[in-house]
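Listed here are the chains, written in short residue letters.
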Amino acid sequence: AQSVTQLGSHVSVSEGALVLLRCNYSSSVPPYLFWYVQYPNQGLQLLLKYTTGATLVKGINGFEAEFKKSETSFHLTKPSAHMSDAAEYFCAVRGFGNEKLTFGTGTRLTIIP
Amino acid sequence: SAVISQKPSRDICQRGTSLTIQCQVDSQVTMMFWYRQQPGQSLTLIATANQGSEATYESGFVIDKFPISRPNLTFSTLTVSNMSPEDSSIYLCSARTGGGTEAFFGQGTRLTVV
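Now for a look at the structure at hand.

1. Describing the overall build of chain B
A count of helices and strands for chain B gives 0 helices and 11 strands. Overall, the C-alpha framework of chain B stretches about 40 × 25 × 20 Å when taken along its three principal axes. Put simply, chain B has 114 residues, and 53% of those count as buried. When contacts within chain B are restricted to residue pairs at least 6 apart in sequence, those whose partners lie at least 24 apart make up 54%.

2. Comments concerning the pattern of salt bridges
Summed over all chains, the structure comprises 7 salt bridges over all chains. With a shortest N-O distance of 2.6 Å, Glu102(B) and Lys49(A) are connected by a salt bridge. Highlighted residues: Glu102(B) in the loop between β9 (89-96) and β10 (104-105) and Lys49(A) in strand β6 (residues 44-50), drawn from two different chains. Note on Lys49(A): relative accessible area 31%, which makes it partly exposed.

3. So, the interface of chain B and chain A
Taken together, the contact pairs 20 residues of chain B with 19 residues of chain A. Across the chain B/chain A interface, buried area totals approximately 1600 Å², and carbon plus sulfur atoms make up 50% of it. Our count for the contact surface shared by chain B and chain A stands at 3 salt bridges. Summed over the shared surface of chain B and chain A, the number is 10 residue pairs in polar contact (both at pLDDT 80 or more). For the side of chain B that touches chain A, the leading source of residues is strand β4 (residues 31-37) of chain B, giving 4 residues. Residues that form the side of chain B that touches chain A fall into these classes: 8 nonpolar, 7 polar and 5 charged.

4. Here we look at the packing of aromatic side chains
If you walk through the whole model with that rule in mind, you get 13 aromatic pairs over all chains. Their ring planes at 85° and their centres at 6.1 Å tell us that Tyr32(A) and Phe96(A) sit as a pair that is edge-to-face. Separated by 64 residues along the polypeptide, Tyr32(A) in strand β5 (residues 31-38) and Phe96(A) in the loop between β10 (87-95) and β11 (102-103) bring together distant segments of the chain. A ring pair is formed by Tyr36(A) and Phe105(B), whose centres lie 5.4 Å apart and whose planes are at 85°; its orientation type is edge-to-face. One end of the pair, Tyr36(A), is in strand β5; the other, Phe105(B), is in strand β10, on a second chain.

5. Observations regarding empty space enclosed by the protein
Under the criterion given, the structure shown has 1 cavity of 30 Å³ or more. The volume enclosed by the largest cavity comes to roughly 50 Å³. Lining the largest cavity, in full, are Phe34(A), Arg94(A), Glu99(A), Leu101(A), Phe33(B), Tyr35(B), Arg96(B), Thr101(B), Glu102(B) and Ala103(B). Split by residue class, the lining of the largest cavity holds 5 nonpolar, 1 polar and 4 charged.

Analysis parameters
Residues numbered from 1 in each chain as written. Chains lettered and ligands numbered in written order. Predicted model: local features only at pLDDT ≥ 70, side-chain atom pairs only at ≥ 80, totals over all residues. Heavy atoms only, no water. Helix = DSSP H or I, 4+ residues; strand = E, 2+ residues; numbered from the N terminus. Buried < 20%, exposed > 50% of the residue type's maximum accessible area, 1.4 Å probe, protein only. Contact = heavy atoms within 4.5 Å. Salt bridge = Lys/Arg side-chain N within 4 Å of Asp/Glu carboxyl O. Buried area = accessible area lost by both parts, 1.4 Å probe. Polar contact = N/O pair within 3.5 Å; in protein donor to acceptor, adjacent residues only side chain to side chain. Nonpolar A, V, L, I, M, F, W, Y, C, P; charged D, E, K, R; others polar. Phe/Tyr/Trp six-rings, centres within 6.5 Å; stacked < 30°, edge-to-face > 60°. 1 Å grid on protein atoms, 1.4 Å probe; cavity = no way out; pocket = protein on both sides within 12 Å on 5 of 7 lines; lining within 4 Å. Points joined across faces, edges and corners; volume = space filled by probe spheres on them.

Quick look at the structure:
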């Protein structure tokens, strides 16, 4: 079984401030973890992924995430928010050997000028 | 990576009618999926589209309501049948290559049923 919990359905940060979006997962097998971004009226775009190896992964647009097995977490961060970061962010998990991707409920990020 | 094109991008349909959504991938992929995203909510997997055989549906979704075809490794269709306003959602096609770990998504089809 696998599941994802995203804490905070809405997060607001000031332009230039740190962005932190939280994601905790549950998986009975080693997980593949993903962050996707959805801009208004668009599909999902992959931001970054963790499969194996280095636990700190870097993605597009300056985002990064750290896989912490002991905390079953995969939080997404960006040092300095930009107005263009305003979007919906989804964390997702797929257990090794499992074909299905399970999504969290999403976090809407608002950037305050 | 894979580029996924969905048609139509949006539609407004009368209740009781059916709509077929097309999904075209620019390369051969192993897995294709269909998701529903209801307004303001996350993505829910409808089914896995299997090439040359019947789709595998998730709990709560049935073939009579959401028939799916996948005639080859690059194309799939989802039909939303006998539509009601509750079917108003975004429907997204997704694909994953055989050796890949991540799934790619189309731009989605925004369906409004009136």
